[in-house]
Each structure stands twice: as C-alpha cells, then as structure tokens.
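Single-letter residue listing:
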Amino acid sequence: MQSFSPLQQQILLKAGIALSTLTESQVIQLANHDSQVESLTDDQLVEFLKIANATYRGGAPIIPDDEYDFRYLNELRTRHPRHPYLSSVEPESSFEGKTVELPVPMLSTEKTYSKADLQKWLRGIEKEAANVGMESEQIRLRITPKLDGYAAYDDGQYLYTRGDGHRGTDITRVFDRGLSVAGNGKRGQGAGEIVILKSFFVRHLAEKFENTRNFQASIIREKNLDPLTEKAIAEKAAVFYPFAALPAWNGSIAEFLSKFDEVAGEIRSSVDFDVDGIVIEVVNEDIKRNLGATRHHHRWQLAYKENLEKAIVQVLDVRPQTSRSGRVNPVAELEPTQLSGASIRNVTAHHYRMVEENGIGPGAVIELIRSGLVIPKIEKVLIKAEPKIPQCCPSCDTELIWQRDYLICPNTSDCPAQIENTLEHFFKTIKNVDGFGSQTIKRLYAEGIRTLYAIYTLDKDKLLQMGFGEKTAQNLLDQLQRSKTQPLEDWRFLAAFGIYHMGLGMCEKLLQHYRLQEIFGLTADQLLSVERFAKITANAVAEGLQRIEDRFWNLYHLGFNIQTTPLLTEGLKSENSPLAGKLIVFTGAMTSGSREDLKSRAKALGARIAGSVTGKTDLLVVGKNVGAVKMNDAIGKGVKIISEEDYLALISQNRAPSLTDADAQSEAQFSLF
Ligand SMILES: [Zn+2]
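Note that the coordinates shown come from a computational prediction; the quantities given were computed from them, not determined experimentally.

A. Representation of the overall build of the chain within the structure. Scanning the chain for helices and strands turns up 28 helices and 25 strands. The C-alpha extent of the chain, read off along each of the three principal axes, is 90 × 75 × 55 Å. Within the chain, the proportion of its 673 residues that are buried is 47%. Across the chain, contacts joining residues at least 24 apart in sequence account for 67% of those joining residues at least 6 apart. Accessible surface, the chain: about 32,800 Å² in total, of which carbon and sulfur atoms supply 49%. Between the mean site of the 79 positive side-chain charges and the mean site of the 87 negative ones, the chain shows a separation of 2 Å.

Dropping the structure here:
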C-alpha cells in the first residue's frame, strides 16, 4: 500500500477523522510494517487506532483485525490501562442516512484470548450470583458463535447501525433492497449482524471483493447494487442475523468448562458465516441486572477468541517461484480463507521435496494454521493429490536440478527472476528508498538493466528513453540520491547484497569483529571465530563474500553515507574510554544517526544508558529540539550537559588513541565530569 485508496479517504472523511498527529505516509509505513508501534506517541497511537478501526469497519482495512487487537490495542493497554479510548465503543463506519437515538444502547462485547481470563470472569459471575442468593449450578450460560459481520439493530420498523453505541444511522434501505432475516425470521428481533455465507462468498464474490466486510459495506453503501450482490440477497446468502436467533448451547458453568473444547468447536462451526470466536453470556435476569454494564460493554457477556486458528482448505494450484538464490519455491494457491482476522490466499509449501512426498497438488486438502500474527503454515495434508513438479525454471526456462530437498535454477547469470529479486532485495533491505518495487525493477530489467551499479548510474535521459514519465524519472533519481545521503548502517548495506546465511543479524555480528575493508579477505577459519558462525555457514559465507566483492566496492564507491559499527574490542578497551562506567542519557533529535545507534555505540564504549535524568546521571547528551525545562532540570541536578557534536568528538578521539593535542584536549574535557 502506498497511499490511501479513494474509498479509504471517503471512509475517513465520513467518520470525521482528519490526520492531525500523523501524516498519511506515517500511517502507510505503519500499515506496511516499515515503522514500529513503539515509536508512536500516545496521541499518534490513538489516531492510528481510530483510522484502522474506521477503515476496517468501512470495508477497506489498512491492517487486519488481529493486528489491530494484538499490536496496537495491546500497546495502548500496556501504556495506559485506563485510557478513555479503551472504554469507548469502537464506532462502526458511518454511512449516508439520518442519525437517531438507538432504542437500546448497543455496546461492544468485551473480548479475551485467554482461557485463564475466561475462567476468572466466570468466577466473578459466581460471586455475583452468590450475592443474589444463587448457587453456581443455577447459573445458565448461553454460548453462541461470534459473527464477524456488520452490526445493526432492527426495531421492526427501522434498521440502525451501531454508530457510537448510543446514536446510529438509519440503514433501513438494506431491507428495502430485499435483504431477509436469517431463517426467514421476523423483523424486530433486535441486535444482530449483516453476514454473507462463506461458501457463497468464496464461489461468487471473492474475485470482486477483497473480504466479506467489503461486501457487507457494499450492501449498505451502494445506490445501485451490482448483479452479484443482488444475487446474494435474492438467494438469501446475505442476510441480517439477529443474535436472538443464533444457534446456541445452554448449560451450567461446570458443564461448559468440562466440555469446553467440544462446545466451542461445535458452536464455531454451527453456521456457515465468518465466525471469529464464541460469545458467552449469562441468561439469569437477576444476575444480569446486578452486573450491569460499563460505557463500553455489558459485564454479563464475554467473547472468547482463539489466538491459534486452523482451517481446512482446498489447494487450487501450486505455482513455482524462483527466488534470488535460484531456489524454486512452491507456493500453494488456496481457496480464500479467513484465519485469525486475515484473508489467506497463498501459503508456502517450503520445498518441492515436501510437495512431492506429501502430495500437495491441485485438489489436495490441507490443514492450515496461523497463530497470532505469524505467517500461516501447512500443518498437515489431509487429502493428497497428484503434485505438479516443474521441469524448467518458470522465469528463464532452464532445466532445474535437485539440490537436497530443493529444486534449483542453475542459470545464475541471466535468470530474470534471480536478478530482479536480487535487485529488489537490495532496496527492500536498505529501506530508505521508495519507488523501486517489483514493477519498476521489472521495467528496468526489460530495458537491459542487470546490476545495482547500473541503476545508481542512471540519468534522466536514459530513464526518459526507457519510457518513464518526466515526473516518475525525477522521483526515481531523487530517491536514489536520498538513499545515498541518508545514514545507512554498514551491516544493513552488506545484508542488502543478499549473501546466503547473511541476514541483518549475522552481518551486524560480523562487523562487530571486522571492518568492511577486512571482511572480503577472511578465511572460513577466521569466520569460525565469530560467534554464531558454524562450519557450513563459515564456508558458504567466505565464498559468498568473495563472489560479491567487486559488485560491493563498485557500489560502495558511489558514495553512500555508511555508518561504521563499533568493534566489540573497542568496548574492551573501556579503561581508556571516557565513557567507562558513566551513566548517560540521550535526549532530543540526533543528527548523526538514530538514538538507538548512539546508545549501542556508547554501550560498546563501556557506558551505562538511562532513559531519564536523575541525580546519578553523569552526562546528558542533547540533540535538537530539547525543551528548556528539561535542560534546567538537568542543570539543577548538577548533571554535565554536552552537545551531540562535542559528544561525537569525545568518543572519536578515544577510538584512535594517540598522544596528540586533540587527545590532551579530550582528557581536559573528560575531567569536567
Ligand atoms: Zn531461472
């Protein structure tokens, strides 16, 4: 995703959400996982939650539902357990129509992913029952599937959205458009959800709509329904399902807990709609009345969602995909499936030996699992099918060879897929450049570009000749320039060359022991002395480094702003270090690199790092935009304050100790704190 879609913009406008603490590109970066939730201020986090919620409910989500829960809502909960956002009803997206006071408030359902929390909640119910003189056995629970549809309230005459829980929008028009109540039920059964049969969605709608929410929103929004939507309504595949009419299990707390898995499994699969958990509620009116509600939810009702989710899915096809290393990976294309909040269409089948041995072919039936936000995986193959094993590379048509469990395209020098993926990997890894995604790379490849060096030495004329527009060409050149001037860690730059076994972590490890200038001459034995380098890795890495050496320096000498990783041995020299044993705080915006980099460098020089200034702080390093209050506070505590520039001068003098004037100067400075 590179910007909001027109639909997303429209949803945000209708919901009255204007960007104030975040920019659109910050939102996009978060959604694409290019920046982290931890870096957000509280206000930004809440703004992001509102945007994510509105777009999700409007049918054009920027992130999946579970990511909203696990990553963002949890972050807010951890920071401020009583933050008002957590106790407000997350509004459904708004649609055209007059808003009205709801006949009864429609609150959110409190939810948990933990069985321990569920049990705690049930104990609370028992306590409340005791208060009204009731034994645990007398408490009746009702368990229903938790529909993942569009919530609305049907008073018999009008249908309202949930809105903010108290005021909703009149969307009675969906009944005028022919929508029926589930099971040919009567109107006026209160709260429920607009849902679509999963099987119908997969068969007829998945091509047109990205997810079921998208479709539900279209029933409400569009003035002229498309023929497929009309068919879904006419065939009663799309219905309004009142909660009161849902299939349910009834019983006591003890019965429920003793048969938990059985009951939960049965209820989950009792309807052919998207279900994202079960709802447990107390039936006894006395207890309900006593428990009441918060502004957010009824205390007598709880949704239980399972973190780990499974689905049984049919494989439609298995496609070979050649990676940058030449491995040909099998990607199983699946019938679209909802797993813990995300729509899954593809899953990797790891390697062709697995495909061959397990019979993963078109028509096979697999069990798919996805736990939390992890990439989904094939748990087991339930029904085998004839596998399709490719003979030739899908990209260059070269005959494939087996290497242990993998099929390999041996055409390393001019297989388009290998080269394109290698180029793309570089830009994905250095991360400070936009515009060089697979489409651009494909076009450049088609125009004869094969190396990063060729990309970095492109000029405007060449790009225009290749058929790029004036604006795009300039933008690409600007981006390349930017990627050279922005600070770039040496280990990230090295990792971008994609040597097998040399991911970001391994590159950082290596460069903590050796300088860039030294690594290409290292033998496998020397590499073995670096932690985490085992024998096979060391041999492969030594070879890989030699292979890229020329390409590496060609690019390097174009002049990137490379930040050198401090050697671990520098930390050992800490008796010479001006930072040895000092307690340091960094504050403000740093210009020489990220604050994290400065911290890790200081640690390597023997410093201890703290987050805030106290009487024990030795040194406060200030970057840009530091408030006077903070400075005065530090001065008041007798803390030595030093600018980022002076700090860098201080530690760089330590790196190359020699008896020069500069060194004496550094000692003089050092004695001040
Ligand atoms: Zn190939």
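So much for the structure itself; the text now carries on.
B. Main features of the coordination of the zinc ion. Distances from the zinc ion to its protein donors, Cys393 (SG), Cys396 (SG), Cys409 (SG) and Cys415 (SG), fall at 2.2 to 2.3 Å. Considering all four donor atoms around the zinc ion, angles at the metal cover 98 to 115 degrees and the coordination shape is tetrahedral. Site description for the zinc ion: donor spacing in sequence, C-x2-C-x12-C-x5-C. The exposure class of cysteine 393 is buried, given its relative accessible area of 2%.

C. Quick look at the environment of phenylalanine 256. Assignment of secondary structure puts phenylalanine 256 in helix H10 (residues 253-258). Judged by its relative accessible area of 0%, phenylalanine 256 falls in the buried class.

D. Just the environment of asparagine 284, in detail. You can see asparagine 284 is positioned in the loop between strand S11 (275-282) and helix H12 (285-291). Assessed through its relative accessible area of 12%, asparagine 284 is described here as buried. Expressed as a C-alpha distance, the spacing of asparagine 284 and serine 652, which sit 368 residues apart in the sequence, is 73 Å. Non-local contacts of asparagine 284, meaning those with residues more than four positions away in its chain, are made with Met134, Gln138, Ile139 and Arg140. There is a polar contact of 3.1 Å between the side chain of asparagine 284 and the backbone oxygen of glutamine 138.

E. Structural detail: the sheet that holds strand S23 (residues 608-610). In spatial order, the strands read S23-S22-S24-S25; together these four strands make up an open sheet with parallel pairing. Across the chains shown, the open sheet's two edge strands, defined by having one partner strand only, are S23 and strand S25 (640-643). With strand direction ignored, the average angle separating the axes of adjacent strands in the sheet is 30 degrees. As judged from the three bridges shared by strand S22 (residues 583-587) and S23, these two strands associate in the parallel manner.

F. Expanded view of the packing of aromatic side chains. Enumeration according to the criterion identifies 25 aromatic pairs in this entry. Plain terms: the ring middles of phenylalanine 426 and tyrosine 456 are 6.3 Å apart, the flat faces sit at 85 degrees to each other, and that makes the pair edge-to-face. One end of the pair, phenylalanine 426, is in helix H14 (residues 416-430); the other, tyrosine 456, is in helix H16 (residues 452-456), with 30 residues separating them in the sequence. When its relative accessible area of 0% is taken as the criterion, phenylalanine 426 is described as buried. Take tyrosine 456: its relative accessible area is 7%, and that puts it in the buried class. Taken together, a centroid distance of 5.0 Å and an interplanar angle of 55 degrees make the contact between phenylalanine 520 and phenylalanine 552 tilted. Separated by 32 residues along the polypeptide, phenylalanine 520 in the loop between helix H21 (516-519) and helix H22 (524-528) and phenylalanine 552 in helix H23 (residues 535-556) bring together distant segments of the chain. An aromatic cluster is defined as three or more aromatic residues linked by ring pairs; in this entry it consists of Phe426, Phe427, Phe436, Tyr456, Phe493, Phe497, Phe520, Phe552, Trp553, Tyr556 and Phe560. The ring centre of tryptophan 300 lies 4.1 Å from the NZ or CZ of lysine 288, which sits over that ring.

G. Here's a closer look at unusual backbone geometry. With phi around 65 degrees, histidine 350 is a residue other than glycine that occupies positive phi space. Structurally, histidine 350 can be placed in the loop between strand S15 (342-348) and helix H13 (352-358). Of note, arginine 404 is a non-glycine position whose phi angle comes to about 50 degrees, a positive value. Tracing the backbone shows arginine 404 in the loop between strand S18 (401-403) and strand S19 (406-408). Assessed through its relative accessible area of 69%, arginine 404 is described here as exposed.

H. Quick peek at the pattern of salt bridges. Using the criterion set out here, one finds 21 salt bridges in the structure. Across the salt bridge formed by aspartate 317 and lysine 388, the nearest N and O atoms sit 2.7 Å from each other. Here aspartate 317 is found in strand S13 (residues 308-322), whereas its partner lysine 388 is found in the loop between strand S17 (377-383) and S18, with 71 residues between them in sequence. By relative accessible area, lysine 388 is classed as partly exposed at 43%. Of the charged contacts in the structure, one is a salt bridge between glutamate 470 and lysine 460, with a shortest N-O distance of 3.0 Å. Taken together, the residues glutamate 470 in helix H18 (residues 470-485) and lysine 460 in helix H17 (residues 460-465) connect sequence positions 10 residues apart. Within the structure, one salt-bridge network assembled from shared partners comprises Asp42, Glu75 and Arg79.

I. Summary view of the environment of valine 315. With respect to the element layout, valine 315 can be found in strand S13. The spacing of valine 315 and glutamate 335 is 20 residues in sequence and 6.7 Å in space, taken between C-alpha atoms. Setting aside chain neighbours within four positions, we find valine 315 in contact with Ala332, Glu333, Leu334, Ile360, Gly361, Pro362, Gly363, Ala364 and Ile366.

Cut-off values and rules
- Within each chain, residue numbers correspond to sequence positions counted from 1 in written order.
- Only residues with pLDDT of at least 70 are given local features in this predicted model, and only at 80 or more are side-chain atom pairs given and counted; all residues enter the totals for whole chains, interfaces and linings.
- In computing side-chain properties, one takes all heavy atoms of the structure into account and sets aside hydrogens as well as water.
- Every helix listed is a DSSP run of H or I at least four residues long, and every strand listed is a run of E at least two residues long, numbered separately from the N terminus.
- For every residue, the accessible area obtained with a 1.4 Å probe (protein chains only) is divided by the maximum for its type, and the residue is called buried under 20%, exposed over 50%, and partly exposed between those limits.
- Residue contacts are defined here by distance: any two heavy atoms, one from each residue, within 4.5 Å place the two residues in contact.
- We get accessible surface area from the Shrake-Rupley algorithm with a probe of 1.4 Å; when it comes to residues, only the shown protein chains can shield them.
- For the purpose of charge, His is not counted, nor are the chain termini; Lys and Arg are scored as positive and Asp and Glu as negative.
- Note on charges: their place is set at NZ of Lys, CZ of Arg, CG of Asp or CD of Glu.
- Water is not among the atoms examined, so metal sites may look incomplete; donors are the N, O and S atoms within 2.8 Å of the metal, or within 3.2 Å for Na, K and Ca.
- Under the classification used here, a metal with four donors is tetrahedral if each angle lies between 85 and 135 degrees, square planar if opposite donors are over 155 degrees apart and the others between 65 and 115, a six-donor metal meeting that same test is octahedral, and anything else is irregular.
- We define a polar contact as two N or O atoms separated by no more than 3.5 Å, with the added condition that, inside protein, one atom must be a possible hydrogen donor and the other a possible acceptor, whereas residues neighbouring each other in sequence contribute only through side-chain atom pairs.
- For two strands to count as paired, DSSP must find a minimum of two bridges between them.
- Comment: axis = line fitted to C-alpha atoms, over the contacting stretch for helices; angle = value between 0 and 180 degrees taken between N-to-C directions.
- In this scheme Phe, Tyr and Trp rings, the latter by its six-membered ring, pair at centre separations within 6.5 Å, and the angle between planes marks the pair as stacked below 30 degrees, edge-to-face above 60, and tilted otherwise.
- For a ring to carry a charge above it, either NZ of a lysine or CZ of an arginine must fall within 6 Å of the ring centroid while also lying within 35 degrees of the normal to the ring plane.
- Any Lys or Arg side-chain nitrogen found within 4 Å of a carboxyl oxygen on Asp or Glu counts as a salt bridge.

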